[in-house]
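Coordinate inspection notes
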Amino acid sequence: MKTQNQNLKWYNISFIAFTSMWSINNIFNNYSQQGIHAIFSWILTILFYLFPYLFIVNRLGTAFPNSDGGVNTWVNQTINAKTAYLASWTYWAVNIAYLAQKPQTILVSLMWLFTGKANAVNQLPSTMIAGFSIGILLFFVWLALKGIHVLSLIGNIAGITLLLISIILIGLSFAAIFILHLPAASPHLNNVQTYFPRFTPAYFTTLSMLIFAVGGTEKISPYIGNLKNGKREFPKSMLLLALLVGGSAILGTFSLSFLFNDQAIPQDLMMNGAYMAFQKLGRIFHLGNSLMILYAISNVLSQIAALIISIDAPARILFAKNNQRFIPRILMKRNAHGAPIGGYFLTVILSAILVIISTLKIKNASNFYNWLLNLNSVVIPFKFLFIFLAFIFLIKHLSIHRWKKFSQLFLGIWIFSITLIVSILGMLPKNIETFSSNWWFQFALNLATPIILGGLGIILPVIKKRIK
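Scoring rules and cut-offs
- Residues numbered from 1 in each chain as written.
- Predicted model: local features only at pLDDT ≥ 70, side-chain atom pairs only at ≥ 80, totals over all residues.
- Heavy atoms only, no water.
- Helix = DSSP H or I, 4+ residues; strand = E, 2+ residues; numbered from the N terminus.
- Buried < 20%, exposed > 50% of the residue type's maximum accessible area, 1.4 Å probe, protein only.
- Contact = heavy atoms within 4.5 Å.
- Areas by Shrake-Rupley, 256 points an atom, 1.4 Å probe, with all protein chains shown as cover.
- Lys, Arg positive; Asp, Glu negative; His and termini not counted.
- Charge placed at Lys NZ, Arg CZ, Asp CG, Glu CD.
- Phe/Tyr/Trp six-rings, centres within 6.5 Å; stacked < 30°, edge-to-face > 60°.
- Expected span 1.5 Å × (residues − 1).
- Bend = angle between axes of the 7 residues up to and from the residue.
- Polar contact = N/O pair within 3.5 Å; in protein donor to acceptor, adjacent residues only side chain to side chain.
- Core = buried A, V, L, I, M, F, W, Y, C linked by side-chain atoms within 4.5 Å.
- Axes fitted to C-alpha atoms, helices over the stretch in contact; angles between N-to-C directions.
- Parallel < 35°, antiparallel > 145°, perpendicular 65-115°, else oblique.
- Left-handed = near helix turned anticlockwise from the far one by under 90°.
- Patch = residues over 30% accessible without salt bridge, like charges linked within 9 Å, V, L, I, M, F, W, Y side chains within 5 Å.
- Salt bridge = Lys/Arg side-chain N within 4 Å of Asp/Glu carboxyl O.

Remarks on the overall build of the chain
Across its full length, the chain holds 18 helices and zero strands. Seen through its principal axes, the chain has C-alpha atoms that stretch 65 × 55 × 45 Å. When burial is assessed residue by residue, the chain has 60% of its 468 residues classed as buried. Put simply, of all contacts in the chain between residues at least 6 apart along the chain, 82% involve residues at least 24 apart. Here the chain has roughly 19200 Å² of accessible surface; of this, 68% comes from carbon and sulfur atoms. The distance from the centre of the 33 positive side-chain charges to the centre of the 7 negative ones in the chain is 12 Å.

Next comes the structure, spelled out in structure tokens:
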């Protein structure tokens, strides 16, 4: 499979990673929770989390460049097969919440595209939203079955359009302030103290959203083998990715402070913020809704690419050959393109269950969107722990200079600890009345989701033994 699919370039990997891990919505999500203080948080996150994260992924990816197992191979080679299975299961399982939320993002884009209104999605019944989400997941599973050629094409198109639309948002926002001399919506932007947050307990519960935003580059680890020279080209992919994410996050957040008063942030900014921003810019520059329509189209493309990658890459990792003794044979079946068919449909089933359960209590589309997004920021970082653990074991067994070994081990332990602490803190519901019935419902789901999905991973090897 490696030789016939060795057709990706290093910049293809960058765009695929940028599309799968980054969204312009990350800027709005964190601005919604932190306002202008998000700039300070982004700088800290990029310096002390993203760069170490990329270093670790690059170190592991280039250490094992010829395998399509990704994280599974890393843990298997550095620790053992059983831990590798648990790692790949966790990596796959926490992606369920991510996949459950993506179809609604597409629905929001389509509603804005055809109605141009912020509250159009909230007027839809929750059952209709759930049905759409499940249907769109099934469609993208079918599309993902087409293999890596479709992935490369859509990834390139979506990555380029996503980058362009980010540049448009930043460029026009700055132009409105510095060329048209319009007043900024947020006050005191010329005061340095404005950018420093208060380190309250509420602030620390929002950090999981930042880690969720910059994590996920290991998704493209199964495709390192599709590079002609992974050891030489993969580091270039990671460097370009860091520049794209860092520039988009910091400049994008600053541009939002021109458009939205961070002292009066709209409650639906997470769901509708990007569309409202481009609609405002369109009116400022006498372009009507054209910018909003352009964003809606580009966002649909990027969400399509993200869905395909998020269905395909985690399934390839979980259903890799090293896990065949832990997983029933029916789930290990692959098609002519190497896609794990059984794994795809198990993904859809669990995502559909999560969508249906959540719609029983959370009727409002905006609240449903925000909760799923916050759930992602809680469960997704748990999968990163195995990556950092594999890195720690890799460095531990390498014969390198003592100082270099110490510094890299410290790096691995640092990022492992930060991820664990932030994920636990993120379980507390945000922007909702504390201890209300909805607060307890969301907290229960935030707590139960990783526990139940983890339990399924433990049960699967037992099922394998019984049907052997």
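Re the side chain of Ser237
Note that Ser237 resides in helix α11 (residues 230-259). Setting aside chain neighbours within four positions, we find Ser237 in contact with Trp10, Ile13 and Ser14.

Some thoughts on the packing of aromatic side chains
Tallied over the full model, the rule gives 31 aromatic pairs. With centroids separated by 5.6 Å and ring planes inclined at 45 degrees, the aromatic side chains of Phe174 and Phe254 adopt a geometry described as tilted. Taken together, the residues Phe174 in helix α8 (residues 148-178) and Phe254 in helix α11 connect sequence positions 80 residues apart. Overall, Phe174 belongs to the partly exposed group, its relative accessible area being 22%. In textbook terms, an aromatic cluster arises when at least three aromatic residues are bridged by ring pairs, as seen for Phe40, Phe196, Phe199, Tyr203 and Phe204.

Quick word on helix α3 (residues 38-63)
In a regular helix each residue adds 1.5 Å, so 26 residues correspond to 38 Å; α3 covers 35 Å between its end C-alpha atoms and thus fits that length. Maximum bend of α3: about 40 degrees, positioned at Ile46.

Observations concerning the environment of His337
Mapped onto the fold, His337 is located in the loop between α14 (329-332) and α15 (341-361). For the pair formed by His337 and Ile27, sequence separation is 310 residues and the distance between their alpha carbons is 35 Å.

Things to note about the side chain of Gln34
Here Gln34 lies in helix α2 (residues 25-34). Under the relative-accessibility criterion, Gln34 is labelled buried at 9%. Among the polar contacts made by the side chain of Gln34, one reaches the side chain of Ser41 at a distance of 2.5 Å. Each residue touching Gln34, except ones within four places of it in the same chain, is listed here: Ser41, Tyr203, Thr206, Leu207 and Leu210.

Considering the nonpolar core
Note that soluble globular proteins tend to have their nonpolar side chains buried in a common cluster. Formed by 108 residues in total, the largest nonpolar core has its most connected members in Trp22, Phe28, Leu60, Leu169, Phe260, Phe278 and Ile387. The element best represented in this core is helix α16 (residues 365-397), accounting for 20 residues. Counting 32 residues, the second largest nonpolar core, distinct from the first, contains Ile106, Ile136, Leu143 and Leu318.

Section: unusual backbone geometry
Even without glycine at this site, His188 takes up a positive phi of about 60 degrees. With respect to the helices and strands, the residue His188 is situated in the loop between α8 and α9 (201-205). One non-glycine residue with positive phi stands out, namely His286, at about 55 degrees. Relative to the helices and strands, His286 is located in the loop between α12 (269-284) and α13 (290-318).

Overview of the packing of α15 against α16
Axis separation between α15 and α16 bottoms out at 11 Å; the angle between their running directions is 130 degrees. The angle between α15 and α16 falls in the class oblique. Considering only the axes of α15 and α16, their crossing is right-handed. Residues Leu354, Val355, Ser358 and Thr359 of α15 form the contact with α16, whose participating residues are Phe368, Trp371, Leu372 and Leu375.

With respect to the packing of α2 against α3
Viewed as axis vectors pointing N to C, α2 and α3 meet at an angle of 125 degrees, and their least axial separation amounts to 9 Å. Here α2 is positioned oblique relative to α3, judged by the angle of their axes. Between α2 and α3, the contacting residues are Asn26, Asn30, Tyr31 and Gln34 on the first element and Ala38, Ser41 and Trp42 on the second.

Re a nonpolar patch on the surface
On the surface, a cluster of nonpolar side chains totalling about 950 Å² of accessible area is made up of Ile43, Leu44, Leu47, Phe48, Phe51, Trp403, Phe406, Phe410 and Trp414. If you list the elements that add at least two residues to the nonpolar patch, you get α3 and α17 (402-425). With five residues, the single largest contributor to the nonpolar patch is α3. With respect to the helices and strands, the residue Ile43 is situated in helix α3. The class for Ile43 is partly exposed, based on a relative accessible area of 36%.

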